Amino acid sequence: MKLSTDRIIDAGMAVFAEAGYHGLSMRQVAKRLDAHAGSMYYHVPNKSALVQLMADRLAQQAYDAGSAALAALPDGAGWPERVEAQAVPLRQTLLRHPGGAVMFADSPKVLSTGALSLMERLLRTLKDAGVPDEHLGVAGDTVFSHITGYVLQEQSEPPALDVSAEDVAALHRRFPMTVAAAAGRDQDEKFIRSVRLLCSGIRALDE
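When you go through the protein chain residue by residue, the secondary structure sums to 11 helices and zero strands. Reading the protein chain from its N terminus to its C terminus gives the helix and strand order α-α-α-α-α-α-α-α-α-α-α. Taken along its principal axes, the extent of the C-alpha atoms in the protein chain is 55 × 55 × 30 Å. Taking all 207 residues of the protein chain together, 34% fall into the buried category. For the protein chain, contacts bridging at least 24 residues in sequence account for 71% of all contacts bridging at least 6. Surface summary for the protein chain: the accessible area is close to 12300 Å², and the carbon and sulfur share equals 55%. In the protein chain, which carries 21 positive and 25 negative side-chain charges, the distance between the mean positions of the two groups comes to 4 Å.

Summed over all chains, the structure comprises two aromatic pairs. For the ring pair Phe-104 and Phe-144, a centre distance of 5.7 Å and an interplane angle of 80 degrees mean the geometry is edge-to-face. A residue pair is termed long-range when its members are at least 10 positions apart, and Phe-104 in helix 6 (residues 100-106) and Phe-144 in helix 8 (residues 133-155) qualify at 40 residues. For the residue pair Phe-104 and Phe-144, the accessibility class agrees, reading buried in each case. Considering the side-chain rings of Tyr-150 and Phe-191, the 5.1 Å spacing of their centres and the 65 degrees angle between planes classify their relative orientation as edge-to-face. Highlighted residues: Tyr-150 in helix 8 and Phe-191 in helix 11 (residues 187-204), separated in sequence by 41 residues. Accessibility assignment for this pair places Tyr-150 and Phe-191 in one class, buried.

Attention shifts here to helix 1 (residues 5-23). Compared with the 27 Å implied by 1.5 Å per residue over 19 residues, the 20 Å span of helix 1 between its first and last C-alpha is markedly short. Of the surrounding elements, those touching the buried residues of helix 1 are helix 2 (26-33), helix 3 (37-40), helix 4 (47-71) and helix 6.

This paragraph deals with unusual backbone geometry. For Asp-34, which is not a glycine, the phi torsion comes out positive at approximately 55 degrees. Here Asp-34 is to be found in the loop between helix 2 and helix 3. The class of Asp-34 is exposed, set by a relative accessible area of 75%.

Moving on, we come to the confidence of the model for the protein chain. Mean pLDDT over the protein chain stands at 88; residues scoring 70 or higher make up 94%. Per-residue pLDDT, averaged within each element of the protein chain, yields its smallest value for helix 10 (residues 176-182) (77) and its largest for helix 5 (residues 79-96) (96).

This part is about the side chain of Thr-148. Mapped onto the elements of the fold, Thr-148 is located in helix 8. Given a relative accessible area of 11%, Thr-148 falls into the buried group. Leave out the neighbours within four places in its chain, and Thr-148 touches Ala-101, Phe-104 and Ala-105.

Between helix 5 and helix 11, the least distance of the axes is 10 Å, while the angle of their chain directions is 140 degrees. Taken together, the axis directions place helix 5 and helix 11 in an arrangement best described as oblique. For the crossing formed where helix 5 meets helix 11, the hand is right-handed. Listed contacts from helix 11 to Trp-79, Pro-80, Val-83, Glu-84, Ala-87, Val-88 and Arg-91 of helix 5 are Gln-187, Asp-188, Phe-191, Ile-192, Val-195, Arg-196, Cys-199, Ile-202 and Arg-203. Here the contact of helix 5 with helix 11 is composed, by residue class, of 10 nonpolar, one polar and five charged.

Turning to the environment of Val-44, a few remarks are in order. Here Val-44 shows up in the loop between helix 3 and helix 4. Counting along the chain gives 107 residues from Val-44 to Val-151, while the straight-line C-alpha distance between them is 29 Å. Setting aside residues no more than four positions away along its own chain, Val-44 makes contact with Thr-5, Ile-8, Met-26, Ala-49, Leu-50 and Leu-53.

Quick notes on the rules
- Residues numbered from 1 in each chain as written.
- Predicted model: local features only at pLDDT ≥ 70, side-chain atom pairs only at ≥ 80, totals over all residues.
- Heavy atoms only, no water.
- Helix = DSSP H or I, 4+ residues; strand = E, 2+ residues; numbered from the N terminus.
- Buried < 20%, exposed > 50% of the residue type's maximum accessible area, 1.4 Å probe, protein only.
- Contact = heavy atoms within 4.5 Å.
- Areas by Shrake-Rupley, 256 points an atom, 1.4 Å probe, with all protein chains shown as cover.
- Lys, Arg positive; Asp, Glu negative; His and termini not counted.
- Charge placed at Lys NZ, Arg CZ, Asp CG, Glu CD.
- Phe/Tyr/Trp six-rings, centres within 6.5 Å; stacked < 30°, edge-to-face > 60°.
- Expected span 1.5 Å × (residues − 1).
- pLDDT = per-residue confidence, 0-100.
- Axes fitted to C-alpha atoms, helices over the stretch in contact; angles between N-to-C directions.
- Parallel < 35°, antiparallel > 145°, perpendicular 65-115°, else oblique.
- Left-handed = near helix turned anticlockwise from the far one by under 90°.
- Nonpolar A, V, L, I, M, F, W, Y, C, P; charged D, E, K, R; others polar.

Shown next, in the form of structure tokens:
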């Protein structure tokens, strides 16, 4: 197949998912495409440009999904519902891409305009809600950091442990509240509740 920017981004995201940022190279991307590295530079000049394009694609998907969620809100929906309508599609988008949380966390460093658009929209939502300017940046960072960290845990591979039933029972006895809090929670429900808790805290800034 003929090389294109989209195909290079596809391959870059696949390599990133397997090897992370430090394992990503133009040579590895070219190998996945069965192409010469030099032939890619016409479309993508270097690794930094590729990472930015990957982050932009991820963020644009999240932005578009958030736009649809916002448009579907009923008239009179409050600002917490608008924050939730942005947070839920962002998490869902990151989950669809292995390594998506890491890529999104690094997106501001590569000046991803897509990621900056997501933050700008969130900050506008919070400002319109009356969040004081001195707290605005921290509030926005807190929401996005929570989403990124939440997905990072969801995407991480749990280590293989050889734990006996006796060990598990001992942990239950030693940490009963922690075990009870972690048990029986649907991840989607837990995420939404966590975003609502954040919004409650942000609301208190103006009280």
